[in-house]
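Summary of structural features
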Amino acid sequence: MKYLIEQADRTADFMVCSAATSSEELGNDIHEGTRYKLGEMGIPYKRRGARRIIPEDYEEYDLLIGMDDENMRNMHRCFGPDREHKMHKLLEFCGLSRDVADPWFTDNFDDTYADISAGCRALFKILEERQY
């Protein structure tokens, strides 16, 4: 998403952050399969350490995007009721109700990249149309 925003010269208009909904990956950098795929696609990235969502994130951000049903359950546990309709699964923006393909067990980063790319592009188009 950050790359799409940079390519559109809109970095001053958006703040994009990533946070885990569970504790398994806390402190870890980007997975090596993801780094490889991003490099293959020419998308720059920076090292980072995963952090976990906190209740204050609900007020801090306009949208809270999960990749799958487990992310959504964990976000609801952390944030409570979605009174402002901020929480969405990424592929909803493509008109799909399914989860993003998870490479954890399959090691298939191509399908994951395709899902995330499609979801981010659809979301960015919506955000541009609303002129956020």
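Just above, that's the structure.
Structure report, in brief. (Residues numbered from 1 in each chain as written. Predicted model: local features only at pLDDT ≥ 70, side-chain atom pairs only at ≥ 80, totals over all residues. Heavy atoms only, no water.)

**Describing the overall build of the protein chain**
- Along the backbone of the protein chain there are 6 helices and 2 strands.
- Listing the helices and strands of the protein chain from first to last along the sequence gives α-α-α-β-α-β-α-α.
- Computed over its C-alpha atoms, the radius of gyration of the protein chain comes to 15 Å, within 12% of the 14 Å expected for a compact globule of 132 residues.
- Taking as baseline every contact in the protein chain between residues at least 6 positions apart, the subset at least 24 positions apart corresponds to 58%.
- Accessible area for the protein chain stands at about 8800 Å²; split by element, carbon and sulfur atoms hold 49% of it. (Helix = DSSP H or I, 4+ residues; strand = E, 2+ residues; numbered from the N terminus. Rg over C-alpha atoms; globule rule 2.2 N^0.38 Å. Contact = heavy atoms within 4.5 Å. Areas by Shrake-Rupley, 256 points an atom, 1.4 Å probe, with all protein chains shown as cover.)

**Quick look at the packing of aromatic side chains**
- With the rule as written, the count across this model stands at 2 aromatic pairs.
- Arranged with centres 5.8 Å apart and planes meeting at 50 degrees, the rings of Tyr58 and Phe79 form a pair that is tilted. Pair noted here: Tyr58 is in helix H3 (residues 57-60) and Phe79 is in helix H4 (residues 69-79), with a separation of 21 residues, a long-range link. Taken as a pair, Tyr58 and Phe79 share a single burial class, namely buried.
- Above the ring of Tyr58, the side-chain terminus of Lys86 is found at 4.7 Å from the ring centroid. (Phe/Tyr/Trp six-rings, centres within 6.5 Å; stacked < 30°, edge-to-face > 60°. Buried < 20%, exposed > 50% of the residue type's maximum accessible area, 1.4 Å probe, protein only. Lys NZ or Arg CZ within 6 Å of the ring centre and 35° of its normal.)

**Focus on the packing of helix H2 (residues 32-40) against helix H6 (residues 109-129)**
- At their nearest, the axes of H2 and H6 sit 10 Å apart, and the two run at 65 degrees to each other. As for how H2 packs across H6, the hand of that crossing is right-handed. Packed against H2, whose contacting residues are Gly33, Thr34, Lys37 and Glu40, the element H6 presents Phe109, Asp110 and Tyr113 at the interface.
- Its residues placed into classes, the contact of H2 with H6 shows 2 nonpolar, 2 polar and 3 charged. (Axes fitted to C-alpha atoms, helices over the stretch in contact; angles between N-to-C directions. Left-handed = near helix turned anticlockwise from the far one by under 90°. Nonpolar A, V, L, I, M, F, W, Y, C, P; charged D, E, K, R; others polar.)

**So, the pattern of salt bridges**
- The final tally for this structure, using the stated rule, is 10 salt bridges.
- In this structure, Asp110 engages Lys37 in a salt bridge whose closest nitrogen and oxygen atoms are separated by 2.7 Å. Placement of Asp110 in helix H6 and of Lys37 in helix H2 is noted, with a sequence separation of 73 residues between them.
- A salt bridge links Asp99 to Lys89; the nearest nitrogen and oxygen atoms lie 2.7 Å apart. Placement of Asp99 in the loop between strand S2 (87-89) and helix H5 (103-106) and of Lys89 in strand S2 is noted, with a sequence separation of 10 residues between them.
- Take Asp99: its relative accessible area is 29%, and that puts it in the partly exposed class.
- According to the relative accessible area criterion, Lys89 is buried, its value standing at 7%.
- Several salt bridges share partner residues, and in doing so they unite Arg10, Asp13 and Glu128 into one network. (Salt bridge = Lys/Arg side-chain N within 4 Å of Asp/Glu carboxyl O.)

**Considerations on a negative patch on the surface**
- There is a patch of like negative charges on the surface, built from Glu24, Glu25, Glu70 and Asp102.
- With respect to the secondary-structure elements, Glu24 resides in the loop between helix H1 (2-7) and H2. (Patch = residues over 30% accessible without salt bridge, like charges linked within 9 Å, V, L, I, M, F, W, Y side chains within 5 Å. Lys, Arg positive; Asp, Glu negative; His and termini not counted. Charge placed at Lys NZ, Arg CZ, Asp CG, Glu CD.)

**Things to note about the state of the cysteines**
- One pass over the full model with this rule turns up 0 disulfides.
- With no disulfide of its own, Cys94 lies closest to Cys120 among cysteine sulfurs, the gap being 9.0 Å.
- Look at Cys94 and you get partly exposed, because its relative accessible area is 31%. (Disulfide = S-S within 2.5 Å.)

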